[in-house]
Each structure stands twice: as structure tokens, then as C-alpha cells.
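Inside the fold
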Amino acid sequence: MLLHVKIGIPHFLFNEFNFNEFYSIVMTVLIGVFQKLLPHSSASDFVILEIILWVQKLRIAAANRQPASIEMGEFTRDEYVAVDELPSIRANHSRKVSVLPLVFLIFYEVSGGPFGVEDTVKAAGPLLALLGFLLFPLVWSIPEALITAEMGTMFPENSGYVVWVSSALGPYWGFQQGWMKWLSGVIDNALYPVLFLDYLKSAIPALGGGVPRVAATWGLTIVLTYLNYRGMVIVGWVAVCLGIFSLLPFVVMGFLAVPDLEPSRWTVANLNDINWNLYLNTLFWNLNYWDSISTLAGEVENPKKTLPRALFYAVILVVLGYFFPLLIGTGAVPLNRDLWSDGYFSDIAMIIGGAWLRWWLQAAAAMSNMGMFVAEMSSDAFQLLGMAERGMLPEFFNKRSRHGTPLIGILFSASGVILLSWLSFQEIVAAENFLYCFGMILEFIAFILLRIKHPNASRPYKIVGGTAGAIFICIPPTILICVVLFFSSLKVMFISLFAMAIGLVLQPCLKYMEKKRWMKFSHSSELPDFGNEEGTRSLVY
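What you see is a predicted model; the values in this text were computed from it and never measured.

Section: the overall build of the protein chain
- In terms of helices and strands, the protein chain carries 19 helices and 0 strands.
- A burial count over the protein chain gives 57% of its 541 residues as buried.
- Expressed as a percentage of contacts within the protein chain between residues at least 6 apart in sequence, the contacts between residues at least 24 apart total 86%.
- Looking at the protein chain as shown, the accessible area adds up to about 23,000 Å², and 70% of this sits on carbon and sulfur atoms.

What follows is the structure, given as C-alpha cells:
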């Protein structure tokens, strides 16, 4: 039967709207045909057809009429019917992202290659660096990817983790989640111009500081922001090309390094000389943000199947993309921990292959940072658009460009990157990790509460084990979050808590502005209601 798979769509779209549109188009075509066939006829000859067409257009306008504004963050109560294998709940004019581009978008949301992992060797030595990138994914990356697969297919819309928290804890905490994760993403995106210039400054010393570095940062941000403006499909396939180009020099370096590998170097460790703060923050930064892809779920082709598959392939790609370059670098070059910092892989390439390999790897690092920038900005910008569609942000955030991209969201995210680009690498990593940790705690709570409150809700991808399994899978990453927060510096903690406090005040301020009608807030009628018991009985994904 046609109606056996539950995908939400309002009744008026299914029962009336399509017929009315079709009927109107037929009448318009008939009038045009008669006028062509009877060129000498007067306008009065077609008056009956014109009247019928005019009445039909009035019916369509009445059927489509929606309230201009609703209470900010509240969900509408439209009734939904089940329709077999329809597209994502929110149609738009942009093309959808398929599996391969989505894999590389996730790859760039999380990783982008081994550029930036050098600090793990500096902080803890080769053995703990290698073990970290093997064991950390088991504790953090895989649980986060599994939760993202379940929740992202349950709520395939651009608000992503914001609607997860909203549906479990209410719109206020959904807004806090959106604020912390957006700010964390913008801080994270400010890293990529820094990394880009750190890799180039050995070849172009002028980029090490001063006006040339500032100008290069601004120029790079503007160019990559324009790429985001041009559309998600373009961003996805650019990510594929950049990903292949960025990983190839490490494959070549691996073959060239085989004669120089000394396995004994991999076992070097000094437990009395470990910078745990740097070690954990670098690991955490390089292996998180799996949930960021959820804010692009509305742009994905058949997200119920595509999203879990892409996450599976991306986990494998990310872990291998970290482990083997570290294996090569630590095994082929004598250990000097002080040298292992941002950009050191380019020096290793020079030692192993010469200047040509170093230039290639530096170009790959530049391309990788471009890929991470565009992927992160896409996620941040579409999150703001999704929040606007849910009535949590002013309606102007819902504005799309002619390419289907969130115009205001892109501009806001780019402005945040420029404002934060003056911070150092370590300060940026620590600050965004702190905010990200609190956001992940809200996600875990929402994930468990939805399992308890709505165990029978439709979940196209579901983690096994029921409620007990949901709780169990959240325990290891929660312990890790506590450890990361414990090792945070007082400066980073103060700045992050201040940023969180802004969000606690900002949401009531926005509600007050809505109440006074200083800003317009609206809720997309095409989004389902997850905020009440009746609505959740028909969770449709």
C-alpha cells in the first residue's frame, strides 16, 4: 500500500493542494491554447474560462493561508499523514546531497586529515598519541556517531540537535543548545585560517604575523564564504576533491618512509612528562563534531538511509586518516617532542621526500583547511536557518539565497570567524571544547529522555538495547567530558561560562521582542509537531 511508511506531510498538501495547482495549470494552458488557435477572438470569448481560473486561484490562496506569526519556539499542531518514500519534510529549490559528498562533508566536519594532530605527540609522546587515536574513537566518536544516526534520521531537518533537545526538554533549552553549538562551531571555524597560515609560514615567512597575516585571514574567509553561498551540492563535491587531494601526499609519504621505519620509536612514552590538558583537548577536538552533520539533514537526499551509511564510512575514513600518518611520522623520524606542533608534518615530508613532497603536503594542508572551513560554515549557517524555521530566531534568518543557501546565517557565521581569528590555536581549541562539552551533555539527556518518553516512536535507524542501551552508550563519553572539563584552564572556563550566560539571557530577550512585535518570528508549517503528546504519537521518521 502507498500509506505504509510514515513520513509527515500536512493533510491539505495531500488531499487538496496538488489537485488545485494541477487544475489551475490546466486552465491556464487551455486559455493559452485557445488564444493561439483563435487569434482573432476577443477577450470576452474567454471570459468564462478566465472566471473559473480566477476562482480557482482564490481557492488555492485560501488553502495555503497560514498564520503570520506564532509564539517563539512553540510547535504547531498540523495533522500529518503517512506517504511512502517522500523526500525530506521541507522542500526547497536546492539540489540534495548524496552519499559520497556527505561522507566527505562529515570527514571535514570532524577531521579534514591529520593536520593539527601533531600536538598529541608533543604532549604525550608517540605511544599515547597512537593509542589515543585508536581508543578515543571507541569511547567518543562511535557513540556520538550512533546517536547522530538515530536522532538525525528521526528528525531530518536543518535544526538538527536543536530540535532533539527542544522535543525532550522544551524550546528554552533547545535555544541554549543552539547557542552553545553555534558559538562552538564558529570558534572551531576560526581555527582553519590559523592552521592554513601556520603551514604556509615556513615557506612564506611574512604570513607569520602582522598585516600580511590579517589580510590573508580576511581574504581566505571571504573567498570560502562565497563558496558556501553558491550551494550545498557544490560544497559537497568540492569536499570530495579536496579530501582526496589532502590525503594523497600521506599515502606517497608512507611508501617512501618504509625503509626508514623503526618500530621501537612507536613505543616511546614518559608518563611523568605528559601535558594532559593539551593531549586531551587535541584528541577531543580532532575526533568530535559528528553531530554537526545533523543540521544539514534537510539538505540530504533520502536522509533515513543516506545519513547512517555516510556516518559509518566517515568513521573509518577519519580514524585511518589520523592513525597512519602518525604511524609514519613517529616511526620514520627521530623523536624530538618539542618540534611536534602545528605544521610539523610538512617538515617530516621534507626529511622523507624532499622539497617537492613538502610543497605538496603544504598545499594539501591548505586545501584541507578550506574543506573544513566550508563544511563547518555550512553546518553553522543551516543551523541558524533551522532554528528560524522553528520560530526560535527572527524570521529574517530563514532567508535563502537564489542558490538555496541560508544567506543571513552565512553572513553571521563569517562575521564570527573574523572576530575570533586573532586567538591562538590552543586558546581556540580549549574554548570551543568547553562549550561543545555542555552542548553534548544536553544531547545525551535528550537522547535518553526521548527513549523513555516515546519508546515506540518511529526511528529508521535505532541503536539496540532499548532505554538501558541508550543510557549505557552515553556513560563513556560523559565521563570523558568530565575529564576534559576538569583539565580546562580557569581563563578558558571563565570565558566559556560568560558565553553560556549570554545565551541564558538572550532567549528571554528575543521572546520579549517577539511579544512587543519588534521582530517577526514564524514557524514553518511544513515541520511536524514534536512538542506535545498528540504530535509525538505520529513521529514520522
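Things to note about helix 3 (residues 99-110)
- Across its 12 residues, helix 3 extends 17 Å between first and last C-alpha, which sits within 8% of the 16 Å expected from 1.5 Å per residue.
- For helix 3, the buried fraction is high: 10 of the 12 residues fall into the buried class.
- When we look at burial in helix 3, the residues that qualify are P101, L102, V103, F104, L105, I106, F107, Y108, E109 and V110.
- The secondary structure elements touched by the buried residues of helix 3 are helix 10 (232-257), helix 11 (276-286), helix 12 (303-332) and helix 14 (355-389).
- In the segment just after helix 3, G112 is the residue with positive phi, at about 90°.

A word on empty space enclosed by the protein
- Considering all chains together, one arrives at 2 cavities of 30 Å³ or more under this definition.
- Of the pockets and cavities examined, the second largest cavity occupies roughly 50 Å³.
- Lining the second largest cavity we find E109, V110, S111, D188, Y192, W285, N286, N288, Y289, Y322 and M372.
- Counting residues per element, the ones that place at least two in the lining of the second largest cavity are helix 3 and helix 11.

Focus on the pattern of salt bridges
- The full count for this structure, using the stated rule, is 10 salt bridges.
- For E157, the salt bridge goes to R390, with nearest N and O atoms at 2.7 Å. Here E157 is found in the loop between helix 5 (126-154) and helix 6 (161-169), whereas its partner R390 is found in the loop between helix 14 and helix 15 (407-420), with 233 residues between them in sequence. Each member of the pair, E157 as well as R390, is classed as buried.
- The closest approach of N and O atoms between E262 and R265, which form a salt bridge, is 3.3 Å.
- For E262, a relative accessible area of 38% puts it in the partly exposed group.
- Put simply, E150, R451 and R459 are held in one network by salt bridges that share partners.

Quick look at the packing of aromatic side chains
- Inspection of every chain in the model, using the stated rule, returns 23 aromatic pairs.
- Each residue in the set F136, W140, F284, Y289, Y436 and F444 is aromatic and connected to the rest through ring pairs, giving one cluster.
- Taking NZ or CZ as reference, K181 lies 4.1 Å from the ring centre of Y161, over its face.

Re the packing of helix 7 (residues 171-189) against helix 18 (residues 490-515)
- The contact between helix 7 and helix 18 brings their axes to 9 Å, and the two run at 135°. On the basis of their axis angle, the class for helix 7 and helix 18 is oblique. When you trace helix 7 past helix 18, the crossing you get is right-handed. From helix 7, P171, Y172, F175, Q176, W179, M180 and L183 reach across to helix 18, where they touch A499, M500, I502, G503, L504, L506, Q507, P508 and L510.
- Looking at the contact of helix 7 with helix 18 residue by residue, the class counts come to 13 nonpolar, 3 polar and no charged.

Quick word on the nonpolar core
- Of all hydrophobic cores here, the largest spans 136 residues; its most connected members are I106, W140, M253, W290, F345 and F447.
- Here M253 is in contact with I328, F345, I348, A349, I352, L357 and L361, once residues within four sequence places are set aside.

What about helix 13 (residues 344-353)?
- Counting buried positions along helix 13 gives 7 out of 10 residues, so the element sits mostly inside the fold.
- Taken together, the buried positions of helix 13 are occupied by Y344, F345, S346, I348, A349, I352 and G353.
- One or two residues past the end of helix 13 sits G354, with phi positive at roughly 105°.

Some thoughts on the environment of I408
- For I408, the position within the fold is in helix 15.
- With 24 residues separating them in the primary sequence, I408 and L384 have C-alpha atoms 8.5 Å apart.
- Other than its neighbours up to four places away in sequence, I408 contacts F396, F397 and K399.

Thoughts on the environment of L506
- If you trace the backbone, L506 turns up in helix 18.
- Looking at L506, the relative accessible area reads 30%, which means it is partly exposed.
- In this structure, the C-alpha to C-alpha distance between L506 and W179, residues 327 residues apart in sequence, is 9.2 Å.

Brief notes about the packing of helix 5 against helix 17 (residues 466-486)
- Contact geometry of helix 5 with helix 17 gives a least axis separation of 9 Å together with a crossing angle of 120°. Taken together, the axes of helix 5 and helix 17 are oblique relative to one another. Every pair of crossing elements has a handedness; the one defined by helix 5 and helix 17 is left-handed. Facing F136, V139, W140, P143, L146 and I147 of helix 5, the residues of helix 17 in contact are I473, C474, P476, P477, L480 and I481.

As for the side chain of T306
- When you line up the elements, T306 lands in helix 12.
- Ignoring sequence-local partners within four residues, the contact set of T306 consists of S98, V99, L102, V300 and E301.

Here is what the cut-offs are and how they apply
- Residues numbered from 1 in each chain as written.
- Predicted model: local features only at pLDDT ≥ 70, side-chain atom pairs only at ≥ 80, totals over all residues.
- Heavy atoms only, no water.
- Helix = DSSP H or I, 4+ residues; strand = E, 2+ residues; numbered from the N terminus.
- Buried < 20%, exposed > 50% of the residue type's maximum accessible area, 1.4 Å probe, protein only.
- Contact = heavy atoms within 4.5 Å.
- Areas by Shrake-Rupley, 256 points an atom, 1.4 Å probe, with all protein chains shown as cover.
- Expected span 1.5 Å × (residues − 1).
- 1 Å grid on protein atoms, 1.4 Å probe; cavity = no way out; pocket = protein on both sides within 12 Å on 5 of 7 lines; lining within 4 Å.
- Points joined across faces, edges and corners; volume = space filled by probe spheres on them.
- Salt bridge = Lys/Arg side-chain N within 4 Å of Asp/Glu carboxyl O.
- Phe/Tyr/Trp six-rings, centres within 6.5 Å; stacked < 30°, edge-to-face > 60°.
- Lys NZ or Arg CZ within 6 Å of the ring centre and 35° of its normal.
- Axes fitted to C-alpha atoms, helices over the stretch in contact; angles between N-to-C directions.
- Parallel < 35°, antiparallel > 145°, perpendicular 65-115°, else oblique.
- Left-handed = near helix turned anticlockwise from the far one by under 90°.
- Nonpolar A, V, L, I, M, F, W, Y, C, P; charged D, E, K, R; others polar.
- Core = buried A, V, L, I, M, F, W, Y, C linked by side-chain atoms within 4.5 Å.

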